[in-house]
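Chain by chain, the residues run as shown.
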Amino acid sequence: MIITKEKLIKLNACKDGYKYWLECNEPDLVKFMRRCIKDEKYKWAMWLFSRVVDKRTRTRSCIYSASLVLHIFEENYPHDNRPSDAIKAARRWVNSTSEKNRRSAATSYYAAADAADNTADNTAAAAAANTAYSSAYYAANTAYSSAYYAANTAVTAAGAAYSTANTAAGDADTAADKKELYIKIINHAIRLVKNGVKN
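A brief report on the enclosed structure follows.

Most of helix α4 (residues 42-52) is tucked away, with eight of its 11 residues classed as buried. Listing the buried residues of α4 in full gives Tyr 42, Ala 45, Met 46, Trp 47, Leu 48, Phe 49, Ser 50 and Val 52.

Where charged atoms of side chains with opposite charge meet at close range, the side chains can pair. Going through the model one piece at a time under the given rule, you end up with three salt bridges. Of the charged contacts, one joins Glu 40 and Lys 179 as a salt bridge, the two residues approaching to 3.0 Å between their closest N and O atoms. Highlighted residues: Glu 40 in the loop between α3 (29-38) and α4 and Lys 179 in helix α10 (residues 171-194), separated in sequence by 139 residues. Between Glu 180 and Lys 184 there is a salt bridge, with the nearest N and O atoms lying 3.7 Å from each other. On the criterion of helical spacing, the pair formed by Glu 180 and Lys 184 is a turn pair, its members being four residues apart in helix α10. Relative accessible area serves as the criterion here: at 44%, Glu 180 is assigned to the partly exposed category. For Lys 184, a relative accessible area of 38% puts it in the partly exposed group.

What follows concerns unusual backbone geometry. One non-glycine residue, Asn 25, lies in the positive phi region at around 50°. Here Asn 25 is to be found in the loop between α2 (15-24) and α3. Of note, the phi angle at Glu 40 is positive, near 60°, even though the residue is not glycine.

What follows covers the environment of Ala 66. Take Ala 66: it is sitting in helix α5 (residues 55-76). Separated by 119 residues in the primary sequence, Ala 66 and Ile 185 have C-alpha atoms spaced 10.0 Å apart.

The rules behind each value
Residues numbered from 1 in each chain as written. Predicted model: local features only at pLDDT ≥ 70, side-chain atom pairs only at ≥ 80, totals over all residues. Heavy atoms only, no water. Buried < 20%, exposed > 50% of the residue type's maximum accessible area, 1.4 Å probe, protein only. Helix = DSSP H or I, 4+ residues; strand = E, 2+ residues; numbered from the N terminus. Salt bridge = Lys/Arg side-chain N within 4 Å of Asp/Glu carboxyl O.

Coordinates in, geometry out; function isn't part of it.
What follows is the structure in structure tokens.
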């Protein structure tokens with residue numbers, strides 16, 4: 001997929017992101033995303049990805065991001081299936097974009113959001129539930145920012161969990177864990193693009 005200056009302007013890219021893209025001189029989306037990994041511009045990679053791929057692809061990215069951190073919620077709330085159900089509903093919609101599956105995703109995303117609200121005392125679990133919520137929300141709606149939001153929320157969830165579990169390890173380990181999670185999410189997005197995603 002080729003990205004042009006005109007496309008970035010139309011997408012309302014931020015000044016710094018646009019300048020970075022010009023400096024990279026890389027119109028190919030996959031190559032640009034790889035460059036973002038190298039330069040640790042993770043949010044810019046996901047921002048662009050989330051705006052140029054189709055709804056099902058964005059939803060697939062949300063599902064992947066949510067699945068990476070769902071265990072954080074489940075470890076803290078083993079009997080609360082709402083975030084897991086939201087991810088399942090989003091998967092059903094991706095596999096069959098029927099109105100029934102869209103409605104199921106909508107119902108599930110409200111439940112996952114409620115689960116996140118009920119975990120306000122546990123930042124990591126709340127962020128994990130919010131990631132699941134984002135997946136189902138995107139399956140039911142068309143907000144362009146959901147893949148970007150899901151990736152960032154997943155990293156927040158993981159960061160909060162690692163911080164809680166490894167307070168003694170300090171910020172360096174947390175930063176490394178966040179970096180690793182971003183790279184996984186971006187590499188998954190790259191695979192989605194390479195597998196023939198249409199704009």
